[in-house]
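Each chain, written out:
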Amino acid sequence: QVQLVESGGGLVQAGGSLRLSCAGSGQTFRMPYMGWFRQAPGKEREFVAVISWNGGSIFYTDSVKGRFTISRDSAKNTVYLQMNSLKPEDTAVYYCAARRESVLSTNDAYYDYWGQGTQVTVSS
């Protein structure tokens, strides 16, 4: 019913940039909130950013504020995460997720659909 596919990950040096894309299919256009999470080796999955379906509500975790930008193109059923000034600490598998309830959340347990993840590696 709902499928999410991330792309755009890769290997970059510290200070570089990447733009991640999350292409949705099925009923993703009906998902009120789309979020990005990440999981570094040996660590728990953590919230990165979330955006409402119309882009009117956006929220970031403190560690990425001023560096990352989340955006959404509803016509293309695609969510983006522009990552600038990347740091080695940003190295992780990045996941796109969708929440079907009309309430913003930063808790991964409250997201209903997940992509397969895309690897981001930042070298020092």
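Residues numbered from 1 in each chain as written. Predicted model: local features only at pLDDT ≥ 70, side-chain atom pairs only at ≥ 80, totals over all residues. Heavy atoms only, no water.

Participant: How would you sum up the sheet that holds strand S7 (residues 68-73)? Please name residues and give values.
Facilitator: Read from one edge of the open sheet, four strands run S1-S3-S8-S7, paired in antiparallel fashion. Each edge of the open sheet carries a strand with a single partner, namely strand S1 (2-7) and S7. The mean angle between the axes of side-by-side strands here comes to 15 degrees, regardless of whether they run parallel or antiparallel. Where S1 and strand S3 (residues 18-26) come together, six bridges link them in antiparallel fashion. Following the sheet pairing, Glu6 is matched in S3 by Cys22. (Pairing = 2+ DSSP bridges. Helix = DSSP H or I, 4+ residues; strand = E, 2+ residues; numbered from the N terminus. Axes fitted to C-alpha atoms, helices over the stretch in contact; angles between N-to-C directions.)

Participant: Give a description of the nonpolar core that names residues and reports values.
Facilitator: Note on soluble globular proteins: their nonpolar side chains tend to be buried together. Counting 28 residues, the largest nonpolar core has Met34, Trp36, Leu81, Met83 and Tyr94 as the members making the most contacts within it. If you list the elements that add at least two residues to this core, you get S1, S3, strand S4 (33-39), strand S5 (46-52), S7, strand S8 (78-83), strand S9 (92-99) and strand S11 (118-123). Sort the elements by how many residues they give to this core and S9 lands first, with four residues. Apart from residues lying up to four places away in sequence, Tyr94 is in contact with Glu6, Leu20, Trp36, Phe37, Arg38, Val48, Phe68, Leu81, Met83, Gly117, Thr118 and Val120. (Core = buried A, V, L, I, M, F, W, Y, C linked by side-chain atoms within 4.5 Å. Buried < 20%, exposed > 50% of the residue type's maximum accessible area, 1.4 Å probe, protein only. Contact = heavy atoms within 4.5 Å.)

Participant: Quick one: what's the story with the state of the cysteines, residue by residue and with numbers?
Facilitator: A full pass over the atoms with the stated rule returns one disulfide. Disulfide pairing places Cys22 opposite Cys96 at an S-S distance of 2.1 Å. On the S-S bond that ties Cys22 to Cys96, the torsion sits near -75 degrees, and the link is left-handed. Placement of Cys22 in strand S3 and of Cys96 in strand S9 is noted, with a sequence separation of 74 residues between them. (Disulfide = S-S within 2.5 Å.)

Participant: Help me get a handle on the pattern of salt bridges, residues and values and all.
Facilitator: For the coordinates displayed, the defined rule picks out six salt bridges. The partner of Glu46 in a salt bridge is Arg38, and the shortest N-O contact between them spans 2.7 Å. Note that Arg45 is salt-bridged to Asp108, the shortest N-O span being 3.2 Å. Placement of the pair is Arg45 in the loop between S4 and S5 and Asp108 in the loop between S9 and strand S10 (113-114), with a sequence separation of 63 residues. Overall, Asp108 belongs to the partly exposed group, its relative accessible area being 22%. Here the residues in one salt-bridge network are Arg38, Glu46, Arg67 and Asp90, joined through shared partners. (Salt bridge = Lys/Arg side-chain N within 4 Å of Asp/Glu carboxyl O.)

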